[in-house]
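Given next are the chains, with one letter for each unit.
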Amino acid sequence: MKTILTIAGSDCSGGAGIQADLKTFSAHGLFGMSVIVSVVAENTKEVISVENISQKVIEDQMDAVFNDIFPEAVKIGMLSTLEVMKSVALKLKQYKPKNIVIDPVMYAKNGFPLMDRKNIEALIENIIPLADLLTPNIPEAEEITKSKIKTKEDMEKAAIEISKMGCKSVLIKGGHLEGDALDILYTNNKFYYFNNKRINTKNTHGTGCTLSSAIASNLALGDDISDAVKKGKDYVTLAIENSLNLGSGNGPTNHFYALYKKAGMI
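A few points on the structure.

Cut-offs applied
Every chain's residues receive numbers from 1 upward, in the order its sequence appears when written. Note on the predicted model: pLDDT of at least 70 is required for a residue's local features to be given, and 80 or more for side-chain atom pairs to be given and counted; whole-chain, interface and lining totals, by contrast, use all residues. As a convention, hydrogens and water are excluded, and side-chain values are obtained from all of the structure's heavy atoms. For the purposes of this entry, the term helix denotes a DSSP run of H or I that reaches at least four residues, the term strand denotes a run of E that reaches at least two, and both are numbered from the N terminus. C-alpha atoms define the radius of gyration in this analysis, and the globule rule sets the expected value at 2.2 Å times the number of residues to the power 0.38. In this description, contact between two residues means that some pair of their heavy atoms is separated by no more than 4.5 Å. Each accessible area is a Shrake-Rupley estimate made with a 1.4 Å probe; only the visible protein chains count as cover when residues are assessed. In this count, Lys and Arg are taken as positive residues and Asp and Glu as negative ones, while His and the chain termini are left out. Where a charge sits is defined by one atom per residue type, namely NZ (Lys), CZ (Arg), CG (Asp) or CD (Glu). Each residue is assigned to one of three classes by its accessible area relative to the maximum for its type, calculated with a 1.4 Å probe on protein chains only: buried under 20%, partly exposed between the two thresholds, exposed over 50%. Two strands form a pair only when DSSP identifies at least two bridges running between them. Residues belong to one nonpolar core when they are buried, are Ala, Val, Leu, Ile, Met, Phe, Trp, Tyr or Cys, and are joined through side-chain atoms within 4.5 Å. By convention, a stacked pair of Phe, Tyr or Trp rings (six-membered ring in the case of Trp) has centres within 6.5 Å and planes under 30 degrees apart, an edge-to-face pair has planes over 60 apart, and any other such pair is tilted. Sitting over a ring, as applied to charges here, requires NZ of Lys or CZ of Arg to be within 6 Å of the ring centre and within 35 degrees of the ring normal. In this analysis, axes come from line fits to C-alpha atoms, helices being fitted only over the stretch in contact, and the angle between any two N-to-C directions falls in the range 0 to 180 degrees. Every angle not falling under 35 degrees, over 145, or within 65 to 115 is termed oblique; those three ranges are roughly parallel, roughly antiparallel and roughly perpendicular. Residue classes follow a fixed rule: Ala, Val, Leu, Ile, Met, Phe, Trp, Tyr, Cys and Pro count as nonpolar, while Asp, Glu, Lys and Arg count as charged, and any other residue, Gly among them, counts as polar. In protein, a polar contact requires one atom able to donate a hydrogen and another able to accept it; more generally it is a pair of N or O atoms within 3.5 Å, and residues adjacent in sequence count only if both atoms are side-chain atoms. Salt bridges are counted wherever a side-chain nitrogen of Lys or Arg sits within 4 Å of a carboxyl oxygen of Asp or Glu.

A few points about the overall build of the protein chain
Then, in step 1: Secondary structure assignment for the protein chain yields nine helices and nine strands.
Then, in step 2: Here the protein chain has a C-alpha radius of gyration of 17 Å; the compact-globule value for 266 residues is 18 Å, and the two agree.
Then, in step 3: The long-range share in the protein chain, meaning contacts at least 24 apart out of those at least 6 apart in sequence, stands at 67%.
Then, in step 4: Accessible surface computed for the protein chain: about 12,000 Å², of which carbon and sulfur atoms make up 52%.
Then, in step 5: In the protein chain, 30 positive and 31 negative side-chain charges are present, and the distance between their average locations comes to 3 Å.

Listed below in structure tokens is the structure:
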């Protein structure tokens, strides 16, 4: 069985973060492992509090994984502080894993900040150059590039600008713009376009985590970057179309819908 690692924050409500990542890995037939960098008390409505794990324990977790079960791919999510970023970057440089997919999480679905804006420069300096693929949404790409993104052409310009910061590929997610959900992949000086009809649901908690984890899963399974993104988009679209109406806020996606349907459980 192929192996994969997530380095991210923990979502106690199970819809995003480490929990969403592990569900996505399992749905792709992979053995998932985790390094928890922050514990987030949140639900479908709100983020209540965040407590970051010490640098020593973050580094110890990474040593424990890489020295025993080396992953085929690594997905990185919420990195809230400079100290967390430095520890993660230190160990990634030490172990040099392949297929690093980084989702530069800055805000929860309800808009709660999960990264202090003063740390964006640290993200650019320490983390972005390590990415085989960076997957910012529109607000995150705007923060990284310090520009406004209103059109497809703006997304293309932002992708090029972010690629100059050292990452190999960039996927700008266009869900925050009006109209269909257009995502643009920039890799090897080429653009790839992934256009899906917008799904009318409020239950989108953890979609960014789920998409980046699905892409990382496909890379671990041997797909090239464009195929990995396409399959990841198809997976998360199905999960959103069949999302779960749990909680009183933004409910979670249905990570195991395809498996449940195949097993005759739904």
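Quick word on the pairing of strand β8 (residues 181-187)
Then, in step 1: With seven of seven residues buried, β8 is to be regarded as a mostly interior element.
Then, in step 2: The alternating pattern of β8 places A181, D183, L185 and T187 on one face and L182, I184 and Y186 on the opposite face, and all of these are buried.
Then, in step 3: Sheet analysis places strand β7 (residues 169-173) next to β8, joined by five bridges and oriented antiparallel. In the sheet register, V170 faces β8, and the bridge partner there is Y186.

A closer look at the environment of I162
Then, in step 1: Considering the arrangement of structural elements, one finds I162 in helix α6 (residues 152-163).
Then, in step 2: Separated by 20 residues in sequence, I162 and E142 place their C-alpha atoms 10 Å apart.
Then, in step 3: Excluding residues that lie within four positions of it along the chain, I162 makes contacts with I128, L134, P136, A141, I144, T145, C167, V170 and I172.

Notes on the nonpolar core
Then, in step 1: With 47 residues, the main nonpolar core has I7, I76, V88, I144 and I172 as its most contacted residues.
Then, in step 2: Per-element accounting of this core gives the leading share, six residues, to helix α3 (residues 82-95).

Thoughts on the packing of aromatic side chains
The relative placement of two aromatic rings is captured by the distance of their centres and the angle of their planes.
Then, in step 1: Under the criterion given, the structure shown has five aromatic pairs.
Then, in step 2: Measuring from centroid to centroid gives 4.8 Å for F66 and Y95, while their planes differ by 10 degrees, and the two rings are stacked. With F66 in helix α2 (residues 55-66) and Y95 in helix α3, this pair connects stretches of sequence that are 29 residues apart. Pair check on accessibility: F66 and Y95 agree, each one buried.
Then, in step 3: An aromatic cluster of three or more residues is present, and its members are F66, F70 and Y95.
Then, in step 4: Looking at K152, its charged tip hangs above the ring of Y193, at a distance of 5.1 Å from the centre.

Focus: the packing of α3 against helix α4 (residues 120-127)
Between two packed helices, what matters for the description is the angle formed by their axes and the separation of those axes.
Then, in step 1: For the pair α3 and α4, the least separation of the axes is 10 Å and the interaxial angle reads 5 degrees. By the criterion of interaxial angle, the relationship of α3 to α4 is roughly parallel. Between α3 and α4, the residues in contact are L82, M85, K86 and A89 and A122, L123, N126 and I127, respectively.
Then, in step 2: For the contact of α3 with α4, the per-class residue count stands at six nonpolar, one polar and one charged.

Comments concerning the side chain of S243
Then, in step 1: By secondary structure assignment, the location of S243 is in the loop between α8 (225-241) and α9 (257-262).
Then, in step 2: Judged by its relative accessible area of 18%, S243 falls in the buried class.
Then, in step 3: Side-chain polar atoms of S243 contact the side chain of T201, separated by 3.4 Å.

Quick look at helix α1 (residues 17-27)
Then, in step 1: Three or more residues of α1 are buried, namely G17, I18, A20, D21, T24, F25 and A27.
Then, in step 2: Looking at the buried positions of α1, the neighbouring elements they touch are β1 (3-11), β2 (31-42), β4 (73-76), α7 (207-220), α8 and α9.
Then, in step 3: One or two residues past the end of α1 sits G29, with phi positive at roughly 75 degrees.

Describing the pattern of salt bridges
Then, in step 1: A complete count under the given rule lists nine salt bridges for this structure.
Then, in step 2: D60 is the partner of K56 in a salt bridge, and the nearest nitrogen-oxygen pair spans 2.6 Å. Note that K56 and D60 are positioned in helix α2 at a spacing of four residues, about one turn of the helix.
Then, in step 3: Accessibility expressed as a relative area gives 36% for D60, which makes it partly exposed.
Then, in step 4: With a shortest N-O distance of 2.6 Å, E121 and K146 are connected by a salt bridge.

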